Amino acid sequence: MKKITFVICLALLCLVTFTSAQAVTNISEFGRSPFHKPPLTTAEELVAMVDGKQAEIRKGFAMAGREELAEPFITQIRTTDIQVVQYPKGTYMPWMFYKKNGIGTVRVAKDVTWTNEEPFPGFTFDVEHGDSIVTFVIPLACGNVALMSERPKPVAPPPNQAPTCAMTVTPTKAFCGEPITIDAGGSADSDGSISKMIVEVVAPDGTVVSREEIGEGALSTQMAMPCGDNTIRVTVVDNEGVEATSPQCLTAVQGVDRFRPIADVGFFRQFDPGTYLFGRVGGEYRLTDQFSILGLVGVAPHVDGNDGETAILIDVLGEYTFGSRYYVDFGVGGWLTDGDSDLETEDSQLDLILGMGARIFGEPEEFNTSLFIEVRSAFDELDELREVGRFGAGLRFRF
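Computed from a predicted model, the values in this text were never measured in an experiment. (Residues numbered from 1 in each chain as written. Predicted model: local features only at pLDDT ≥ 70, side-chain atom pairs only at ≥ 80, totals over all residues. Heavy atoms only, no water.)

Draft legend 1. Examining the packing of aromatic side chains more closely. This structure, assessed with the given rule, holds 24 aromatic pairs. Between Phe 35 and Phe 97 the ring centres are 5.3 Å apart and the planes differ by 75 degrees, which places this aromatic pair in the edge-to-face class. You can see Phe 35 sitting in the loop between strand 1 (25–27) and helix 2 (43–52) and its partner Phe 97 sitting in strand 3 (residues 92–99), a full 62 residues away along the chain. Since its relative accessible area comes to 2%, Phe 35 is described here as buried. With a centroid separation of 5.0 Å and 65 degrees between ring planes, the pair formed by Trp 114 and Phe 120 is classed as edge-to-face. Summarising the burial analysis for this pair, Trp 114 and Phe 120 share the class buried. It is Lys 99 that lies over the ring of Phe 35; its NZ or CZ is 5.8 Å from the centre. Against the face of Tyr 327 rests Arg 398, its NZ or CZ located 5.1 Å from the ring centre. (Phe/Tyr/Trp six-rings, centres within 6.5 Å; stacked < 30°, edge-to-face > 60°. Helix = DSSP H or I, 4+ residues; strand = E, 2+ residues; numbered from the N terminus. Buried < 20%, exposed > 50% of the residue type's maximum accessible area, 1.4 Å probe, protein only. Lys NZ or Arg CZ within 6 Å of the ring centre and 35° of its normal.)

Draft legend 2. Highlighting the nonpolar core. Leu 46, Phe 61, Phe 73, Phe 125 and Phe 136 are the most contacted members of the largest nonpolar core, which totals 27 residues. Elements supplying a minimum of two residues to this core: helix 2, helix 3 (54–63), helix 4 (70–76), strand 3, strand 5 (120–129), strand 6 (132–139) and strand 7 (145–152). With four residues, helix 2 is the single largest residue contributor to this core. Excluding residues within four positions of it along the chain, Phe 125 makes contact with Leu 46, Phe 73, Ile 77, Thr 80, Asp 81, Ile 82, Val 134, Thr 135, Phe 136 and Ile 138. The next biggest cluster of nonpolar side chains, apart from the first, holds 20 residues, and it includes Met 167, Val 169, Met 225 and Cys 249. (Core = buried A, V, L, I, M, F, W, Y, C linked by side-chain atoms within 4.5 Å. Contact = heavy atoms within 4.5 Å.)

Draft legend 3. Local environment of the pairing of strand 25 (residues 390–398). Because side chains alternate across strand 25, one face comprises the buried residues Arg 390, Gly 392, Gly 394, Arg 396 and Arg 398, and the other comprises Phe 391, Ala 393, Leu 395 and Phe 397, none of which is buried. Examined bridge by bridge, strand 17 (residues 259–270) and strand 25 share nine bridges and lie antiparallel to one another. Its bridge partner being in strand 25, Val 265 is matched across the sheet by Leu 395. As paired elements, strand 24 (residues 368–378) and strand 25 share nine bridges and run antiparallel to each other. Looking across to strand 25, one finds that Glu 374 is bridged to Gly 392. (Pairing = 2+ DSSP bridges.)

Draft legend 4. Local environment of unusual backbone geometry. Here the residue pair Lys 37 and Pro 38 is connected by a cis peptide bond, since its omega of -5 degrees sits within 30 degrees of zero. Its location among the elements puts Pro 38 in the loop between strand 1 and helix 2. Note that the residue after Thr 170, namely Pro 171, is joined by a cis bond; omega there is -15 degrees. Within the secondary structure layout, Pro 171 lies in the loop between strand 8 (168–170) and strand 9 (173–175).

Draft legend 5. Structural context of the pattern of salt bridges. For the structure shown, the criterion picks out 28 salt bridges. Between Glu 200 and Arg 233 there is a salt bridge, with the nearest N and O atoms lying 2.9 Å from each other. Note that Glu 200 is positioned in strand 11 (residues 194–202) and Arg 233 in strand 14 (residues 228–238), a separation of 33 residues in sequence. In this structure Glu 200 comes out as buried when scored by relative accessible area, which is 10%. By relative accessible area, which is 26% here, Arg 233 ends up partly exposed. (Salt bridge = Lys/Arg side-chain N within 4 Å of Asp/Glu carboxyl O.)

Draft legend 6. Representation of a negative patch on the surface. A grouping of Asp 272, Glu 344, Asp 380, Asp 383 and Glu 387 is seen on the molecular surface, where their side chains present a negatively charged patch. The residue Asp 380 is located in the loop between strand 24 and helix 5 (385–388) in this model. (Patch = residues over 30% accessible without salt bridge, like charges linked within 9 Å, V, L, I, M, F, W, Y side chains within 5 Å. Areas by Shrake-Rupley, 256 points an atom, 1.4 Å probe, with all protein chains shown as cover. Lys, Arg positive; Asp, Glu negative; His and termini not counted. Charge placed at Lys NZ, Arg CZ, Asp CG, Glu CD.)

Draft legend 7. A look at the side chain of Thr 91. Mapped onto the secondary structure, Thr 91 falls in the loop between strand 2 (83–87) and strand 3. For Thr 91, a relative accessible area of 9% translates into the label buried. Thr 91 has contacts with Val 112, Thr 113, Trp 114 and Met 148, leaving out every residue within four places of it along the chain.

Here it is as structure tokens:
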């Protein structure tokens, strides 16, 4: 009984050893069991072989357990890049199908290794299937179809996303040439970084007045406020050169000129009595939004009354604006005449001037008109203001 058991175990061991040995195929020569005769020499001959043996090729793939690769192999052989490669000793192929002695049915050899010292030439090409790229080898000498390798199809990176643009301008109204800050720090790039920003000043008619590139990833800069009504437009550029702007990167700005021409017309009443018309021209220089200096020259012709003479006016006024519409004036002025210097109503003098007014037409930064009242008197005659002081009213035009 023990002897029988030993014999059975030995037989099983031999069977396992034989099966394992059969699972490995070492090849040192191609051509004795070709899938195709005669040997292949060109890629065109390879394509013709596949076209003429489609049924046997499908059977070979089925026997290799990769039936799903048959159709891609047969169809893509016409378009794939076929190259001839020299394969050295030790080249391993997971499987290969062939015909024994070149005749009969298709057979499959597993775990094939080339053992010859000399390399063998073979056609090689890739076939795509699903998410994989499968590489095949066809030895020229026999036309056998062998699997070389299989790898995942490379995943293409997602397309670059444009950056998003956001910015603030501070302040949006300033005197021409004053520095303003453009801050695009709220911009972002979801799949990279912002390499630079482009700052443009756009006129109302769409003309680009100026353009500046701010590089090295800087997203904040200062620039001089342009004169007039314009738009600041920012464009951000990501690390791949894609540009983007947005409504959030468009800001209207107003550059105010510090100097503007002005003109006054009106009349003065002197209770001594005397009546004068007057006209003055000059300019306004704004120090701030509320404070400005007015320089005016003009003439005040004497038109009625027993006292007084026509005078030349040279006035310098400080003006304070409040409530966007109203203002008060204070300053000094020259009242220059060729009248009798001994008469207070006719002599030349340096006046103290006080006034106030209100804008009645137009917008602050456009042509506008205001109505004002004004009192002026010589410094040494303030105690006689009621008799020899001059009280007036007029219209002021700002251009």
